[in-house]
Structures are given as structure tokens and as C-alpha cells.
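# Notes for the structure review
Listed below, chain by chain, are the residues.
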Amino acid sequence: MKIIWVLENIKKNYNTNDYYINSKLNVLLLLASVYLWKKNHKEDTCVLYADDLTIDTLDKLKVLDFWDVIKPLPKSRRINKDVFWAASKVEVLAQIDEPVIIMDNDTHVYKPLKHLIEPDTVYVCNFEEGKGYYPNSINKYVQQLSYKARWKNESVNVSFLYLPDATFTKEYAELSLKLMEEFTAMGAPNPQYLIFSEQLLLKHLLDKNNIKYKSIISTTWDCKEWEWGKDNDRGIWPYYGSEMYFKHYGPLKGYILGNKADQNYNSEIKHLLNCINFPKLNLSLIPNP
């Protein structure tokens, strides 16, 4: 099976601070994500889609061989990537013609996972309660979309996403990109419209098409309260106790960089270096922590 990571330098500039791999922490998170998957799933093909600047940076770090295949990003749609910064992931999915797993660059799988996944079932990272957080049906931009639906509050987190049916993958990706294009034309102002187009839409289509889906983490994330909520019976592991098997760093990266909320930057860097076991790695090329 193909396992996909996607990186895009949306500023087209080496020196911008929001270039993902201008950070030592982000580089190590990315490399550990790939290394850990390959360690536990040697049969899979790990694929990186990236822009030329990113490939050049990874080449200078001598880490391109962490992946089995390196591919260029698809041609970009008319999407404002300052707002829809993860659109390239969906642009890649629109080209997929086989079952696939696509993972965020800060998602780590520490133990074998695929034997726990039902082959005909979509898997997401976790379910989300989005009431009061996601744009809803009365939102002025949502009301202008050409695609009309009864939008609900529940969503899914796609930092881990297994899509077994290529036909559905293409349907989802094309509609997601269409929504991003329409929101861009309207001037939608912030990345909440990204997660609407990417995550809320996916949950809507799964329900609409009666497609089976489950989650890796069986605890629901409450977006408004910014905390883990109730456990459910549709996942593999509850959040508390899952970190020995699976971890999506997400907003935790900010706490690590700031040494806040019991997080320690130096300890985390040491942990990530131990994960990848790559003594030749020279991070002096990366300017930021």
C-alpha cells in the first residue's frame, strides 16, 4: 500500500519562518513519522509529494531516502493557500486511483497498525465535536456555496486518513477542492474554512453515502472547549493510554517549543532523534528550533 506525506512551501521562499522544514522540531517530527511507519510496515511504499524548494532542502539534509518515492506536487488549483494551507494534500488525493493512507507530518505510529484496520472501512484519526467552532449553515460564506447540504456539527480529524475506495476518494477530493476554490473567490478569511472543506465535508460525505468509517483514537475532541471529551466504541484506542501506539502532535508543537504545559523542548528533540536513529543527520542547516 502507498503511504503518503505531503509538504508544500506555500511562500516559495527558503527564509520564511512559516516554511515547515525551517524548524528543527518539524524536520524531526517529519522524519520520525516516516521512519516509524517503515519500521513497523516494511511492505508498504512510502511516498513524499513536495515542491522543488522542499525537495532541495531535504536533499541537502541527505534524508530523501527515508521515502521510497519522491513526486512533485500536482498543479495547484485557484486556492488561496495562506488560508487553505493544507490544500495540496487534497490535490494529491484527487490523483489517487488505489487504496491509500495519507498522514500528517507530525503523526507517529509506534507499533504495527494495519492488522487492526478493517480493509473496507475508512479510518480517520479521531471524531470531533465542532459546535460553536466550525462554520455552519448560517455562515455567510457557507450560504454562498454551490453545494447545498444540511451541515452538522460533527467532524473528523484527518491527520491520519485511510481511504480504501479510490472512487470515493476522488469524489471527496474534487468536492473539497471545489469548496476551497469557491471560498477563495469569496475571500473567506481564515483556516476554519479549510477544516470545513477538508474535515467537515468528509464526515458529511461518509454519512451521506452510508460508508463505513471508524477512528484510530476512540475519544472525541471538543473543538470549542479545546479538550478531549467522551470515549466512543468506534475507535481502536482511547486517547488516554494511546501514546505508546499512536500520536498526533498537532497543537502540542507550540507547547513543546515554549516549554509549556509539562512539555520540554530538549527532551522531545532527544526522543525524536532516538526514534529515527540517524546519527549522520546534520540539523545545523535548519535555522529555527
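### Topic: the side chain of S242
Examined against the element boundaries, S242 turns out to sit in the loop between β11 (235-237) and β12 (246-248). Its relative accessible area of 1% is what places S242 among the buried residues. In this structure, S242 is in contact with I217 and W237, ignoring residues within four places of it in sequence.

### A few points about helix α5 (residues 192-208)
Maximal helix bending in α5 amounts to about 30°, located at L201. N210 sits one or two positions beyond α5 and adopts a positive phi of about 55°.

### Quick word on helix α1 (residues 24-40)
For α1, with 17 residues, the first-to-last C-alpha span of 24 Å sits near the 24 Å given by 1.5 Å per residue. Burial of α1 is extensive: 13 of the 17 residues sit out of reach of the surface. Two to three positions downstream of the cap, the backbone nitrogen of L25 sits 3.3 Å from a side-chain oxygen, assigning the N-cap of α1 to S23.

### Details of the pairing of strand β3 (residues 69-72)
As defined by bridge partners, strand β2 (residues 45-50) adjoins β3 across 4 bridges and the pair is classed as parallel. For L48, the partnering residue across the bridge sits in β3 and is I70. Chirality of the crossover, the property in question, places the unit of β2, helix α2 (residues 52-60) and β3 among those that are right-handed.

### Notes on the packing of aromatic side chains
Here the distance between the centres and the angle between the planes together describe a pair of aromatic rings. Per the counting criterion, the structure on display carries 16 aromatic pairs. Considering the side-chain rings of F127 and Y213, the 5.9 Å spacing of their centres and the 80° angle between planes classify their relative orientation as edge-to-face. Separated by 86 residues along the polypeptide, F127 in strand β6 (residues 122-129) and Y213 in strand β8 (residues 213-217) bring together distant segments of the chain. The lysine or arginine in question, R234, covers the ring of Y213, its NZ or CZ lying 4.5 Å from the ring centre. Over the ring of Y249 we find K247; its NZ or CZ atom is 4.3 Å from the centre of that ring.

### Digging into the packing of α1 against helix α7 (residues 265-276)
At their nearest, the axes of α1 and α7 sit 9 Å apart, and the two run at 35° to each other. Of the two possible hands of crossing, α1 and α7 adopt the one that is left-handed. The residues of α7 that touch α1, namely those facing K24, L25, L28, L29, L31, A32, Y35 and L36, are Y265, E268, I269, L272, L273, C275 and I276. Here the residues of the contact of α1 with α7 sort into 13 nonpolar, no polar and 2 charged.

### A short note on the nonpolar core
Counting 51 residues, the largest nonpolar core has I4, F84, L93, L161, F183 and L202 as the members making the most contacts within it. Mapped by element, the contributors of at least two residues to this core are β1 (2-7), β2, α3 (87-93), β4 (100-103), β6, β7 (154-163), α4 (166-186) and α5. Ranked by residues supplied to this core, first place goes to α5 with 9 residues. With sequence-adjacent residues up to four places away left out, F84 is seen in contact with I79, M180, F183, T184, Y193, L194 and S197. Formed by 49 residues, the second largest nonpolar core is a distinct cluster that contains V63, Y110, L113 and F278.

### Digging into the pattern of salt bridges
Evaluated as defined, the whole model comprises 14 salt bridges. Put simply, E98 and K2 hold a salt bridge, and the shortest N to O gap is 3.2 Å. Separated by 96 residues along the polypeptide, E98 in the loop between α3 and β4 and K2 in strand β1 bring together distant segments of the chain. You can call E98 partly exposed: its relative accessible area is 27%. We classify K2 as partly exposed; its relative accessible area is 26%. In this structure, the salt-bridge partner of K203 is D207, at a minimum N-O distance of 2.7 Å. Here K203 and its partner D207 are both found in helix α5, 4 residues apart, which amounts to about one turn of the helix. Take D207: its relative accessible area is 32%, and that puts it in the partly exposed class. Taken together, the salt bridges that share partners define one network made up of E8, K81 and E91.

Rules used in this analysis
Residues numbered from 1 in each chain as written. Predicted model: local features only at pLDDT ≥ 70, side-chain atom pairs only at ≥ 80, totals over all residues. Heavy atoms only, no water. Helix = DSSP H or I, 4+ residues; strand = E, 2+ residues; numbered from the N terminus. Buried < 20%, exposed > 50% of the residue type's maximum accessible area, 1.4 Å probe, protein only. Contact = heavy atoms within 4.5 Å. Bend = angle between axes of the 7 residues up to and from the residue. Expected span 1.5 Å × (residues − 1). Polar contact = N/O pair within 3.5 Å; in protein donor to acceptor, adjacent residues only side chain to side chain. Pairing = 2+ DSSP bridges. Right-handed = clockwise from strand over helix to strand, strands pointing away. Phe/Tyr/Trp six-rings, centres within 6.5 Å; stacked < 30°, edge-to-face > 60°. Lys NZ or Arg CZ within 6 Å of the ring centre and 35° of its normal. Axes fitted to C-alpha atoms, helices over the stretch in contact; angles between N-to-C directions. Left-handed = near helix turned anticlockwise from the far one by under 90°. Nonpolar A, V, L, I, M, F, W, Y, C, P; charged D, E, K, R; others polar. Core = buried A, V, L, I, M, F, W, Y, C linked by side-chain atoms within 4.5 Å. Salt bridge = Lys/Arg side-chain N within 4 Å of Asp/Glu carboxyl O.

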